[in-house]
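So the chains spell out like this:
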Amino acid sequence: PEGRGIYHNDNKTFLTWVNEEDQLRIISMQKGGDIGCVFSRLAKAVNELSDKLGFQYSPNLGYLSSCPTNLGTGMRASVHIKIPHASQHAYFTKICDEYHIQPRGIHGEHSQSSGGVYDISNKRRLGLSEVQCVQDMYNGVKKLINLEKTLEAKGAPAPSPPAAAASSSGSGKSAPTSRSTSSPTESTKRSKSCILL
């Protein structure tokens, strides 16, 4: 379609996505766990863009967008991380609820995890600051990493892969059945931090 595109820097650590799902999606991301760097890059860019574009803002609802779940800050801070043991633990959902985080597969909303790798993001966006959004995600991911390390130290067997099933994303592909048994330390090294606005 006309008037749609994605623009990025050479390193692909900063992107703007124009007229796809939102009118403008601003993305800062990089490999590793330096969330502060990702957030700083995003804040600088948003301030520059705001000076030029003037985003729609309501004192009661925050930033306005075409997606009601993004009212408020409009910020979704996420980390891709491998947590095969923690994700199979009985308290996984309880931890996610307690820390206001949302687990999903790395291929977007409604996708399933592949090999124990999850996209963990803040669930709350309305009624708190951008820093609090990132803090929700950080605290939840930290708790899940600690649980993963504890379970691995206890010698918990690697979870069995789920039986192949159709993906809920509507792609018609089967869920992957392969798994990797790398340690949480390796998982953290291979994580990816991403903040969307």
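Predicted, not measured: the structure shown is a model, and the values here were computed from it.

Please clarify how the overall build of the protein should be interpreted in this entry.
For the protein, the helix and strand inventory stands at 4 helices and 9 strands. Starting at the N terminus, the α and β elements of the protein follow one another as β-β-β-α-β-β-β-α-β-β-α-α-β. For the protein, with 197 residues in total, the buried portion stands at 39%. Across the protein, every contact between residues at least 6 apart in sequence was considered, and the portion connecting residues at least 24 apart equals 62%. Surface accessibility of the protein: about 11500 Å² in total, with carbon and sulfur atoms responsible for 51%.

Teacher, can you tell me more about helix α1 (residues 35-53) here?
Note on helix geometry: an α-helix contains 3.6 residues per turn, so any two residues three or four positions apart are oriented the same way. For α1, which comprises 19 residues, the first-to-last C-alpha distance of 26 Å matches the rise-based estimate of 27 Å (1.5 Å per residue) to within 8%. Listed in full, the buried residues belonging to α1 are Ile35, Val38, Leu42, Ala45 and Val46. Taken end-on, α1 shows its buried residues confined to a sector of 110°, consistent with a single buried face. Turned more than 90 degrees off the buried face of α1, the exposed positions are Lys44 and Asp51. A positive phi of about 65° marks Gly54, the residue just after α1.

Quick question: what am I supposed to make of the side chain of Ser113 here?
Counting through the fold element by element, Ser113 comes out in the loop between β7 (101-104) and β8 (117-122). At 3.4 Å, the side chain of Ser113 and the backbone nitrogen of Gly116 are in polar contact. Polar contacts involving the side chain of Ser113 include one to the main-chain carbonyl oxygen of Val117, which spans 2.8 Å. Not counting the four nearest positions on each side in its chain, Ser113 is found in contact with Gly105 and Tyr118.

Please explain the packing of aromatic side chains as it appears in this structure.
Any two aromatic rings considered together are summarised by their centre-to-centre distance and by the angle between their planes. Under the counting rule described, the total for this entry stands at 2 aromatic pairs. Judged by centre distance (4.8 Å) and plane angle (65°), the ring pair of Tyr57 and Tyr63 falls under edge-to-face. Taking relative accessible area as the criterion, Tyr63 reaches 32% and is therefore assigned partly exposed. When the ring of Phe92 is compared with that of Tyr118, the centres are 5.6 Å apart and the planes differ by 55°; the resulting orientation is tilted. A residue pair is termed long-range when its members are at least 10 positions apart, and Phe92 in helix α2 (residues 92-98) and Tyr118 in strand β8 qualify at 26 residues.

Explain the pairing of strand β6 (residues 76-82) to me, please; I cannot follow it from the model alone.
The two faces of the sheet receive side chains in turn, since in a regular strand these alternate between them. Of all 7 residues making up β6, 7 are buried, and the element is well covered by its neighbours. Side chains Arg76, Ser78, His80 and Lys82 project from β6 onto one buried face, and the interleaved Ala77, Val79 and Ile81 project onto a second face that is buried too. Here β6 runs beside β8; their pairing, made up of 5 bridges, is antiparallel. By the bridge assignment, Ser78 is partnered in β8 with Ser121.

Looking at this structure, I do not really get the nonpolar core. What am I missing?
The tendency in soluble globular proteins is for nonpolar side chains to be buried side by side. Residues Ile81, Ile83, Ile120, Met137, Val141 and Leu144 are the most contacted members of the largest nonpolar core, which totals 27 residues. The set of elements that each furnish at least two residues to this core consists of α1, β6, α2, β8 and α3 (130-153). Ranked by residue count, the leading element in this core is α3, at 8 residues. Ignoring sequence-local partners within four residues, the contact set of Leu144 consists of Ile83, Ala86, Phe92, Ile95, Ile101 and Ile120.

Would you explain the side chain of Ser87 in this entry?
For Ser87, the location among the structural elements is in the loop between β6 and α2. A polar contact of 2.9 Å, which involves the side chain of Ser87, links it to the backbone oxygen of Ile83. Beyond its immediate stretch of four places on either side in the chain, Ser87 contacts Phe92 and Tyr118.

Sorry if this is basic, but what is going on with the confidence of the model for the protein here?
For any part of a model where pLDDT is low, the fine detail of the predicted coordinates should not be relied upon. Looking at the protein as a whole, the pLDDT averages 80, with 79% of positions reaching at least 70. The least confident element of the protein is helix α4 (residues 184-189), whose mean pLDDT is 38; the most confident is α2, at 97.

Sorry, what's going on with the pattern of salt bridges here?
Opposite charge on two side chains lets them pair, provided their charged atoms get close. Across all of its chains, the model carries 3 salt bridges by this definition. Among the ionic pairs, Asp119 bridges to Arg76, the shortest N-O distance being 2.7 Å. Of this pair, Asp119 sits in strand β8 while Arg76 sits in strand β6; the two residues are 43 residues apart in sequence, bridging distant segments of the chain. When sorted by exposure, Asp119 lands in the same class as Arg76, which is buried. The shortest N-O distance in the salt bridge between Asp97 and Lys123 comes to 3.4 Å. Of the two residues, Asp97 sits in helix α2 while Lys123 sits in the loop between β8 and α3, which places them 26 residues apart along the sequence.

About the thresholds
- Residues numbered from 1 in each chain as written.
- Predicted model: local features only at pLDDT ≥ 70, side-chain atom pairs only at ≥ 80, totals over all residues.
- Heavy atoms only, no water.
- Helix = DSSP H or I, 4+ residues; strand = E, 2+ residues; numbered from the N terminus.
- Buried < 20%, exposed > 50% of the residue type's maximum accessible area, 1.4 Å probe, protein only.
- Contact = heavy atoms within 4.5 Å.
- Areas by Shrake-Rupley, 256 points an atom, 1.4 Å probe, with all protein chains shown as cover.
- Expected span 1.5 Å × (residues − 1).
- Arc of directions from axis to C-beta.
- Polar contact = N/O pair within 3.5 Å; in protein donor to acceptor, adjacent residues only side chain to side chain.
- Phe/Tyr/Trp six-rings, centres within 6.5 Å; stacked < 30°, edge-to-face > 60°.
- Pairing = 2+ DSSP bridges.
- Core = buried A, V, L, I, M, F, W, Y, C linked by side-chain atoms within 4.5 Å.
- pLDDT = per-residue confidence, 0-100.
- Salt bridge = Lys/Arg side-chain N within 4 Å of Asp/Glu carboxyl O.

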